[in-house]
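Examination of the molecular architecture
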Amino acid sequence: RTGGANSAHWVDDFYVKVYKPSGPIVSGFEGTPGGVSVSLTDAEGNGLVAGSVSAKFDGAAVEASSSKDGDVTTITYNTPDFLPAGTDHTIEVTYTDEKGNINVKQLGFTVPNYISIDPSARAASSLKGDSGFIANITQISVEQTGGAADVHGNNIAKAEQQINGEFIDPNTEEAFLNEADEDAFEGWSYYPVVVETVNQNQDAPGAAGNFNEGNGKEDEPIPGIPGWGGSTDGIAGEYIALLDLVKGSYTLGVNSDDGFQANIGAQVLGEFNGDRGASDTTFDIVVTEGGLYPFRVLWFEGGGGANVEIFSMVNGEKTL
């Protein structure tokens, strides 16, 4: 990131020599507050012998599950209790390959910082409905202010004020109108829109962020944008859903241009308070009691580009 968000870097005289592996190799590894998983991929002509796997966690023998799908064997160990944040741990996997060799792989990880979700935030199970998010989008652009393109200044607290209709037009001494709601001509209002996933971009179907037409997730327009003033600036919106979570650890993320704040109940999970190009912020959570949890992402944009994606990490992959 020198000179711009997407500067090209050129490397001269670079040489790579590739060797085929002689036996199964580690192709995936993840350590979380709830345990660890290791993936091993067979080498050509020499695979892992099913049923030969044993494991030690922090030096002690443990009962780990092992399953093979095609040429990939996945070994998983779930700890009895959640591991404290910042602690270091090792997993040692022993297995036999088809040529009779006994192999030992030892891998280490540090438990990331995480937020333990308050179970009292759970909603009643009867509230569970269809999948998707409710999007409430608002806009106050230079078309109304005649000056700054955004009254919220790319600030979390002020973006909340905008969504609540608390900014007053000094010329009329009444609340500014929401340009993202075509019916908002007599006071502040917004029009809820249900979206299946949040992968939105003011320049849709143009690409911004992680998901785009190239990976089968074409960007979608931001509801109501451009507003009735014709602008794509000065946006503040909220995306609301109930997350159906079982006990365990999760990594969630937001890609935003500009800022955001994500909450479950009153707990702040992650945020970016300011302006930036399309960038990721991820955050780790632990759910000690399963249930429906109210999830809200506040998102805002001042000027220039505008996009937002809400995703989670599933088997190491970003997933809308």
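Higher on the page you've got the structure.
Because the structure is a prediction, the values reported are computed rather than measured. Per chain, residues are indexed from 1 in the order of the written sequence. Under the rules for a predicted model, residues below a pLDDT of 70 receive no local features and side-chain atom pairs below 80 are neither given nor counted, while totals for whole chains, interfaces and linings still include all residues. Side-chain numbers come from the whole structure's heavy atoms, not from hydrogens or water.

When you go through the protein chain residue by residue, the secondary structure sums to 2 helices and 22 strands. If one aligns the C-alpha atoms of the protein chain with their principal axes, the spans along those axes are about 85 × 55 × 30 Å. The proportion of buried residues among the 320 residues of the protein chain is 40%. All accessible areas in this document rest on Shrake-Rupley with a 1.4 Å probe, and a residue is counted as covered only by the protein chains that are shown. Accessible surface computed for the protein chain: about 16700 Å², of which carbon and sulfur atoms make up 48%. Think of it this way: any DSSP run of H or I at least four residues long counts as a helix, any run of E at least two long counts as a strand, and we number them from the N terminus. Relative accessible area decides the class of each residue, using a 1.4 Å probe on protein chains only: under 20% of the type maximum gives buried, over 50% gives exposed, and in between gives partly exposed.

This part is about the packing of aromatic side chains. Stacked, tilted and edge-to-face are the three classes applied to pairs of Phe, Tyr and Trp rings, where Trp contributes its six-membered ring and a pair requires centres within 6.5 Å; stacked means planes under 30 degrees apart, edge-to-face means over 60, and tilted covers the rest. The full count for this structure, using the stated rule, is 6 aromatic pairs. Considering the side-chain rings of F29 and F109, the 6.2 Å spacing of their centres and the 70° angle between planes classify their relative orientation as edge-to-face. Taken together, the residues span a long stretch of sequence, with F29 in strand 1 (residues 25-32) and F109 in strand 8 (residues 102-110) at a distance of 80 residues. Classification of F29 by relative accessible area gives partly exposed; the value is 33%. Linked through ring pairs, F29, F57, Y77 and F109 together constitute an aromatic cluster. The ring of F272 has R276 lying over it, and the distance from NZ or CZ to the ring centre is 4.4 Å. Criterion for a charge above a ring: Arg CZ or Lys NZ at most 6 Å from the ring centre, at most 35 degrees from the ring normal.

You can see Q162 is positioned in helix 2 (residues 156-163). Residue class for Q162 comes out buried when judged on its relative accessible area of 0%. Those residues in contact with Q162 that lie beyond four places of it in its chain are T138, Q139, I140, V151, H152, F167, W188, G234, I235 and A236. We call two residues contacting when some pair of their heavy atoms lies within 4.5 Å.

Now for unusual backbone geometry. Residue P226 follows I225 across a cis peptide bond; omega there is 0°. Here P226 shows up in the loop between strand 14 (199-201) and strand 15 (235-245). Cis peptide bonds are those with omega within 30 degrees of zero, and the linkage from D257 to D258 qualifies with 20°. Examined against the element boundaries, D258 turns out to sit in the loop between strand 16 (248-257) and strand 17 (259-264).

As a further point, take the pairing of strand 5 (residues 65-69). Where strand 5 meets strand 6 (residues 72-78), 5 bridges bridge the pair, whose relative direction is antiparallel. Following the sheet pairing, D69 is matched in strand 6 by V72. Two strands qualify as a pair provided that DSSP identifies no fewer than 2 bridges between them. Connecting strand 5 to the antiparallel partner strand 6 that follows it, the hairpin turn spans 2 residues, and G70 within it adopts a positive phi of roughly 65°.

Right, let's talk about the pattern of salt bridges for a bit. Should their charged atoms come close, side chains of opposite charge can pair. Put simply, a salt bridge is a Lys or Arg side-chain nitrogen that is within 4 Å of an Asp or Glu carboxyl oxygen. Applying the stated criterion across every chain yields a total of 7 salt bridges. In this structure, the salt-bridge partner of E289 is R122, at a minimum N-O distance of 2.9 Å. Taken together, the residues span a long stretch of sequence, with E289 in the loop between strand 19 (279-287) and strand 20 (291-301) and R122 in the loop between strand 9 (115-117) and strand 10 (133-139) at a distance of 167 residues. A salt bridge links K318 to D280; its shortest N-O distance comes to 2.4 Å. On the criterion of sequence distance, the pair formed by K318 in strand 22 (residues 317-319) and D280 in strand 19 is long-range, its members being 38 residues apart. The class for K318 is partly exposed, based on a relative accessible area of 34%. Exposure remark for D280: the relative accessible area of 30% places this residue in the partly exposed category. Among the ionic contacts, a cluster of salt bridges with common partners joins E160, E238 and R296.

Here we take up the environment of Q144. Within the fold, Q144 resides in helix 1 (residues 142-145). A relative accessible area of 18% means that Q144 is categorised as buried. Distance from Q144 to E179, taken between C-alpha atoms, is 9.0 Å for residues 35 residues apart in sequence. A 3.5 Å cut-off defines polar contacts: any pair of N or O atoms within that distance qualifies, except that in protein one atom must be a possible hydrogen donor and the other a possible acceptor, and neighbouring residues in sequence count only when both atoms are side-chain atoms. Within the local environment of Q144, its side chain forms a polar contact with the backbone oxygen of L177, the two atoms lying 2.6 Å apart. Of the polar contacts made by the side chain of Q144, one reaches the side chain of E179; its length is 2.9 Å.

As a further point, take the nonpolar core. Within the largest apolar cluster, 31 residues are counted, with the highest numbers of intra-cluster contacts made by Y239, I264 and F295. Broken down by secondary-structure element, the contributors of at least two residues to this core are strand 10, strand 15, strand 16, strand 17, strand 19, strand 20 and strand 21 (307-314). Ranked by residue count, the leading element in this core is strand 15, at 5 residues. F295 has contacts with F133, Y239, I240, A241, L243, L252, A262, N263, I264, L269 and I310, leaving out every residue within four places of it along the chain. What makes a nonpolar core is a set of buried Ala, Val, Leu, Ile, Met, Phe, Trp, Tyr and Cys residues whose side-chain atoms join them at distances within 4.5 Å.

Moving on, we get to the sheet that holds strand 5. Spatial strand order, 1-2-6-5: 4 strands in an open sheet with antiparallel pairing. The sheet terminates laterally at strand 1 and strand 5, the two strands that pair on one side only. Direction aside, neighbouring strands of the sheet carry axes that sit 15° apart on average. With 7 bridges joining them, strand 1 and strand 2 (residues 35-41) adopt antiparallel strand pairing. Looking at the pairing, F29 lines up with V38 of strand 2. Interaxial angles span 0 to 180 degrees and are taken between N-to-C directions of axes, which are lines fitted to C-alpha atoms, for helices over the stretch in contact.

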